[in-house]
Structure formats: structure tokens, C-alpha cells
Amino acid sequence: MKHDKTFKFITIGIIWLWLAIFAVAPNGLVFLTSLLQQGDNELVRLQLTLNSYLELFNASYLKIFVHSLLLAGCCTVLCILIGYPFAFIIARSKSRYKGFLLFLVIIPFWTSSLIRSYAIVAMLKTKGILNSLLMSLGVIDQPLHLLYSSSAVMIGLVYSLLPFMILPLYANIEKLDLRLIDAARDLGANKRTVLLRIILPLTWPGIIAGSMLVFLPAMSMFYIPDLLGGAKSVLIGNLIQNQFLTARNWPMGSALSVMLTVLMGLMLIMYWRSAKRNQDTRDLL
Amino acid sequence: MNRLTRIAYLTAVYLFFYFPIGVLIVYSFNNASYSLLWHGFTLDWYKELLTDTDLQSVAWHSLSVGLLAATLATILGTLTAVSLYRYRFRGRQLLHGMIFVMIVSPDIVMAISLLILFSTLKAPLGFWTLLLSHITFCMPFVAVTVYSRIAGLDKNIFEAAKDLGASDFTILWRVIIPLLWPAILAGWLLSFTLSLDDVIISFFVTGPDFDILPLKIFSMVKLGVKPEINALCTVMFGLTLLMVLLAQLVLRKKQ
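Source: prediction; values computed, not measured.

### So, the overall build of chain B
Part 1 of the reasoning: Helices and strands together make up the secondary structure of chain B, namely 11 helices and 0 strands.
Part 2 of the reasoning: In sequence order, chain B lays out its α and β elements as α-α-α-α-α-α-α-α-α-α-α.
Part 3 of the reasoning: Taking all 255 residues of chain B together, 42% fall into the buried category.
Part 4 of the reasoning: Within chain B, residue pairs in contact and separated by at least 24 positions form 80% of the contacts whose partners lie at least 6 positions apart.

### Quick look at the nonpolar core
Part 1 of the reasoning: If you look at the biggest cluster of nonpolar residues, it comprises 142 residues, and the most contacted ones within it are Leu161 and Ala218 of chain A together with Ala111, Ile112 and Cys138 of chain B.
Part 2 of the reasoning: The element contributing the most residues to this core is helix α7 (residues 150-174) of chain A, with 15 residues.
Part 3 of the reasoning: Structurally, this core is a two-domain feature, drawing no fewer than three residues from each of domain 1 (1-42) and domain 2 (55-253) of chain B.

### Here's the deal with the interface of chain B and chain A
Part 1 of the reasoning: Facing 62 residues of chain B, the contacting portion of chain A comprises 65 residues.
Part 2 of the reasoning: Looking at the side of chain B that touches chain A, the elements with two or more residues in it are α1 (3-27), α3 (53-86), α4 (92-104), α5 (107-120), α6 (127-150), α8 (168-197), α10 (213-223) and α11 (227-253) of chain B.
Part 3 of the reasoning: Considered class by class, the residues forming the side of chain B that touches chain A number 46 nonpolar, 11 polar and 5 charged.

### What to know about the domain arrangement of chain B
Residue and element names in this part refer to chain B.
Part 1 of the reasoning: Entries for chain B in the domain assignment read domain 1 (1-42) and domain 2 (55-253).
Part 2 of the reasoning: Put simply, the middle of domain 1 and the middle of domain 2, counted by C-alpha atoms, are 31 Å apart.
Part 3 of the reasoning: Of the residues lining the interface, 7 residues belong to domain 1; the matching set on domain 2 comes to 6 residues.

### Digging into the environment of Leu134 of chain A
Residues and elements named next belong to chain A.
Part 1 of the reasoning: Structurally, Leu134 can be placed in helix α6 (residues 129-136).
Part 2 of the reasoning: For the pair formed by Leu134 and Leu144, sequence separation is 10 residues and the distance between their alpha carbons is 9.4 Å.
Part 3 of the reasoning: Apart from the residues within four sequence positions on either side, Leu134 is in contact with Val139 and Ile140.

### What to know about α1 of chain B
Residue and element names in this part refer to chain B.
Part 1 of the reasoning: Compared with the 36 Å implied by 1.5 Å per residue over 25 residues, the 35 Å span of α1 between its first and last C-alpha is a close match.
Part 2 of the reasoning: The largest bend in α1 amounts to roughly 35° and is located at Tyr18, with the proline Pro20 lying one to four residues further along.
Part 3 of the reasoning: Of the residues making up α1, those classed as buried are Phe17, Pro20, Ile21, Leu24 and Tyr27.

### Quick look at the environment of Thr193 of chain B
Part 1 of the reasoning: Examined against the element boundaries, Thr193 of chain B turns out to sit in helix α8.
Part 2 of the reasoning: A sequence separation of 51 residues divides Thr193 of chain B from Val244 of chain B, and the C-alpha atoms of the two residues are 8.1 Å apart.

### Looking at the packing of helix α3 (residues 59-92) of chain A against α1 of chain B
Part 1 of the reasoning: For the pair α3 of chain A and α1 of chain B, interaxial distance at closest approach is 10 Å and the crossing angle is 120°. Classified by the angle their axes make, α3 of chain A and α1 of chain B are oblique. Pair α3 of chain A / α1 of chain B crosses with left-handed handedness. Taking contact as the criterion, the partners of Ile82, Pro85, Phe86 and Ile89 of chain A in α3 of chain A are, on α1 of chain B, Arg6, Tyr9, Leu10 and Val13 of chain B.
Part 2 of the reasoning: Of the residues contributing to the contact of α3 of chain A with α1 of chain B, the split by class is 7 nonpolar, no polar and 1 charged.

Quick notes on the rules
Residues numbered from 1 in each chain as written. Chains lettered and ligands numbered in written order. Predicted model: local features only at pLDDT ≥ 70, side-chain atom pairs only at ≥ 80, totals over all residues. Helix = DSSP H or I, 4+ residues; strand = E, 2+ residues; numbered from the N terminus. Buried ≥ 20, exposed ≤ 12 C-beta atoms within 10 Å, placed from the backbone. Contact = placed C-beta atoms within 7 Å. Core = buried A, V, L, I, M, F, W, Y, C linked by C-beta atoms within 7 Å. Domains from an automatic or database assignment. Nonpolar A, V, L, I, M, F, W, Y, C, P; charged D, E, K, R; others polar. Expected span 1.5 Å × (residues − 1). Bend = angle between axes of the 7 residues up to and from the residue. Axes fitted to C-alpha atoms, helices over the stretch in contact; angles between N-to-C directions. Parallel < 35°, antiparallel > 145°, perpendicular 65-115°, else oblique. Left-handed = near helix turned anticlockwise from the far one by under 90°.

Given below as C-alpha cells:
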């Protein structure tokens, strides 16, 4: 029994040590860095200041922030609109192929979104397949300049992130008790009422979980605007990347990252509140 | 919605998912550099990949980091899941929450936090920093995968093993791991895919001397669309497909 205690102590010790070094300490350092000043010769000067946070309200940063929030917000809404009916149909399907249908969503979930974004680049480029298809069908007679625009970024983001909306929704909708819908119907509720008062509130945790997995990455996947958007579309992710690797303003980059973390915290609180009972983390995947 | 609308809707979304990837795969076999027209089947682009020595070393980097990171993350993640299930200790809820937060948090936040850590420790960016980072972001996924299976085990088995005099280590080695190997293997496979595909975190924590496949693809794609990239992406996609398929199969087997 003494060995068991040692075993338990060592196991839990290793886990905590790892997380302390590679998860807790790094985030503490980010917060600390965000409070420092940009150095002239070295990366940061050890002097506490709130400058980086104040600078966030600078017009140019604010513009990127708002643009980024809008883009990520639109992407999230689009993913819900496309993904919800989709997840609903699969989750409620009685088909033999249900497992296979779900598997077809799991593949893009795990496939590199870089590769998938590249596929979109190949599709959308001026001499790409989409333009030739539309031209041969006679829909257009001049190739469209689809690439390097905000809509291309939006297509890339939705394409990359839609599976992250569908899977949590699926997990949630699958657990939905159909008898509740029947009960509501029996009590005289019409389709609209059933959807708004029964189905939506019960699947709300799934919607929030999915939104969290779409909204936050949508702001931070810097390679999607890099490949699809040209210079105009800059996300917070691009800004952070730029502050760290080009502008060498680490405190500013850290402050931006802290903002993202705060945003994540808010969404987590929303999720936990909506899920009330501590749900299994599995539901998210 | 009637049946036909449902089928049409599903088909449309699946087309959206698979059409671009399908086009990519088809064009990786097209015998023309820039043309959209089909010029016959060729394996030239794949042969080109095989003879590119630079690409080979990059692929080797990716594979070695992937194999090591997946293995270590699986060990760490499995230990985490088992501890969360079997032990009551201070900070258990916190650990649970942290695993969850690590999965949800945007890659870029973890990327720069690790970059700042390594720069504070004055660790040179390269193989080691990449490996440590990959273990860190894969580990929560293994923990969640294994935990979701362990919760379905019969607790009496552990009691029985204990009554028969097994130590905690023996229970882990002789009872838990044999019972959970599908989940552990699935966790390993998924970690390997995650590690092989990661762009954002690797972008920040590796140095110029240690390039890996996703970063190589990223810089190639920035220069334009080429048939070699189509071939490389097809290979990567095939590999992911294989891993996910295997993971799903082993998970389903013991359900």
C-alpha cells in the first residue's frame, strides 16, 4: 500500500509538473510580457506599464479588431446556419449509413486545414476550376477575381471550421429526447414553437460549444488570410504573428493574446452556464 | 423537411467538403503543369517528391517529431485520464478544467506562450522545442479520448484486482491498459495526425534549421499552386485518412 501512495504521488506529480511548465508558466509569462515595454536592443524592457493595453484602443488596431470580430462572427453564424440542419438530419437519421455519414464529417475535422485551404486556393484562382466551370456553363464570360478578397477568406474559414461546428452540435442533438417534442406537439405547440421553445434551448450548449470552436480559431488562423486574402484582410492572428515575428513588439502581441484569452474565458463561462450540469468533455469532440 | 430535401441538403454540404479536395487529388495525377485540362494520367509529380532530397529531410523531421510526440503525449494523456478517474486529489477539478481549456484555446495563444517560455529559458528553437510543444498540445486530446472510455469500465474490476493483492501499478499495467488499448491507440493515432498537421504552433516554436512538412507546404503555397504541392497534399491527406479510419475502427470494435 505504501508503494501505491508513491505511485499516485509520482503520477499526479508528473502531470502537474508538465502542465505547470508548459501551460501555466507560459501563460503567466504572456501576461507579464503584456505589461512590459518594448526594448531597444533586447526584446522587452523590464518596466511595468499598461501602454500595450492603452495602445489597443488606437484607431488602427481597433479597426483590425472590429474587422476580425465581424469576420469571425459572420463565419460563426454561417457555420451555425449550414451546420445545424446538417447535424440535425444526421443525428436524427435512422439510416444504416449513419455511422458512415458521420465519418465523412470526422475526416475533414482531422485533416490539416492548411491543406484544405490550399484546395480552396486552387479552386478559386482566376484560372481555377470554379471559373472555368462557370464560364463553360455560360454563367459568366469573364473570369471572376474571387481570390484575395474578404469573401475568399470567409469561404476558407467556413470550409475549414464547419466540421468543428457540426460535431458538437451532433453530439448534443443526438441526446435530445424526442418524447419532449412529442409532448409539446400533444399539448398543442406548432412547429415554430417546438423549434424555438424546445429544440433550440435544449441544444443551446451544443451551439455555444460549436461557436467557441469556430469563433476563436476564426480570429487566429493567420494562414487563411495569408493565402486567400491578400493584404486587406488582417485577422487578430495575423496581427499577433506580425507583432512577434516582424515588428518585434512582444508586449503588444502578448496584450492581443491576453485579449483573445479573455474572450475565450467569456465564452467558456457562457458554455458552462448553459450546460449547467458539468457535462463530459467528450461532448465537445 | 421531406426525405428528398434532406438528401439534397446533405449532398450539397458533402460536396462542399469533398469537391475541393477531390479536385486537388485528381490534378496531382494530371500530366500538365499549369493546364486545367486533363492531359492524361501521370505519376511524375509523385516521382518528383521522391527525388527531392530537401523534402525528404523535412518529411523525416515531421515523422520523427510526430512519432515521438504522439508516443509521449499518449503516455502522459493516459496517465492523466487514469488519475482523473481513479484518484481523489486536491486540484482534480482544476485539472479537469485545464484539459478542457487547453483543447478549446486558440492555437495562436498557446503558440506565443510557448515561444515566450522558450525565449525566457534561452532555449534554441528547433527539434526539442517543437517536440515539447507538440506533446503539450496533443496530450489533452489523448486524455479526453481515454477518459471517455475509462468512464464506461466496471469499477468492481479494480476492487477485485485490489482484493487479490494487485498494486496500483499492476492494476494500471495488467488491467487498465489491456482494457483500454483501443482508446489509447486511437489517442496515439489522433495525436500523430495533430502533430503532423499543425501549422500555427510549429510556426512559432521551430527554428530555420528544423523545417517540417506543414511549414514547408505553407511556404510553397505562398509561391503559387503547383502540381508537386497537389501530390504532397494528396499524400498528407491519404495519411490522415488512414489514421482517422484506424482510430475509428479500433474505437468502434470494443464499444
